[in-house]
Amino acid sequence: MDNRNRERLTRDGIRLHEPRDFDGMHKAGRLAAEILDAVAPMVSAGQNTGALDEAIRTLIDDAGAVSATIGYKGYKHASCISVNHVVCHGIPSSRKILKNGDILNIDVTVIVDGWHGDSSRMYSAGKISRRAERLIQVTHDALMQAIEAVRPGNTFGDVGHAVQSYVERHRMSVVREFCGHGLGRVFHAPPNVLHYGSPGSREKLEEGMFFTIEPMVNLGRPETKILPDHWTAVTRDRSLSAQFEHAVGVTENGCEVFTLSPAGMFHPTRN
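Quick look at the structure, then. (Residues numbered from 1 in each chain as written. Predicted model: local features only at pLDDT ≥ 70, side-chain atom pairs only at ≥ 80, totals over all residues. Heavy atoms only, no water.)

### Re the pairing of strand β7 (residues 115-124)
Right, on to step 1. The buried fraction of β7 amounts to nine of the ten residues, a majority that puts the element mostly inside the structure.
Right, on to step 2. For strand β6 (residues 103-112) and β7, the ladder comprises ten bridges, and the chain directions are antiparallel. Residue pairing in the sheet places V110 in a bridge with G117 of β7.
Right, on to step 3. Here β6 folds back onto β7, and the loop between the two strands holds two residues, one of which, D113, carries a positive phi near 50°. (Buried < 20%, exposed > 50% of the residue type's maximum accessible area, 1.4 Å probe, protein only. Helix = DSSP H or I, 4+ residues; strand = E, 2+ residues; numbered from the N terminus. Pairing = 2+ DSSP bridges.)

### Focus on the layout of surface pockets
Right, on to step 1. A volume near 470 Å³ is recorded for the largest pocket.
Right, on to step 2. What lines the largest pocket is a set of 23 residues, among which Y72, H89, H181, F187 and H188 lie closest to the centre.
Right, on to step 3. Going through the elements one at a time, β6 and β9 (180-182) are the ones with two or more residues in the lining of the largest pocket.
Right, on to step 4. Broken down by element, the residue count for the lining of the largest pocket peaks at three residues, all from β6.
Right, on to step 5. The residue inventory of the lining of the largest pocket, partitioned by class, reads ten nonpolar, seven polar and six charged. (1 Å grid on protein atoms, 1.4 Å probe; cavity = no way out; pocket = protein on both sides within 12 Å on 5 of 7 lines; lining within 4 Å. Points joined across faces, edges and corners; volume = space filled by probe spheres on them. Nonpolar A, V, L, I, M, F, W, Y, C, P; charged D, E, K, R; others polar.)

Here it is as structure tokens:
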């Protein structure tokens with residue numbers, strides 16, 4: 001019998017992976033992080049997002065991996081690149097030229113030996129405003145607060161509350177329409193990992209759960225809208241938006257982060 005068929009599910013339909021599966025997720029997560037490290041020097045004013053995506057596609061091919069996004073629901077690119085007021089799912093294009101002061105999120109998902117590595121992080125083109133710096137910092141730190149809440153016995157409500165309370169304390173807003181998700185041998189699986197919520201609510205965290213935490217934070221109001229391309233989500237008030245994403249696995253005493261930057265480049269101002 002295929003070992004994958006013997007994996008356990010919680011009563012909420014969340015897959016509980018075996019200890020040996022952590023190795024596969026670390027390999028996939030590391031490649032995603034290495035690719036995001038490698039593309040960093042290319043991000044500059046005058047660069048176009050289509051060229052960044054082509055570089056990412058080449059890096060994935062050269063590693064012998066597969067892009068999870070090419071062909072996903074008809075999507076044609078190896079990354080999503082979301083600039084300034086684009087919240088997520090920005091489509092790379094040779095016509096989208098970065099300007100000095102732009103901030104952008106690059107989101108990459110790779111498949112390595114059947115396992116998915118999914119991560120995104122923020123970048124800056126040239127000198128950015130103090131408000132943009134503060135938005136990036138708060139979003140990064142909100143993700144770290146959420147990761148601290150990941151351990152058996154806590155709940156997904158605890159994870160969401162960690163993000164929401166931190167962000168709102170800094171007078172910013174959490175996007176509600178998009179969330180993290182279960183991950184592993186499939187791209188998207190239960191549970192939905194909301195970035196807001198009440199302590200103690202929702203499903204309990206259990207050892208062996210794999211999922212992403214990927215808060216999207218707006219300087220203005222939380223509302224978004226989808227552009228006519230049916231992919232690109234933007235802030236309704238055109239305020240700046242930022243996002244960071246890690247993939248994690250719940251362990252006996254806490255969690256492991258699968259998508260750590262080997263070069264320590266996850267935060268754009270700490271390179």
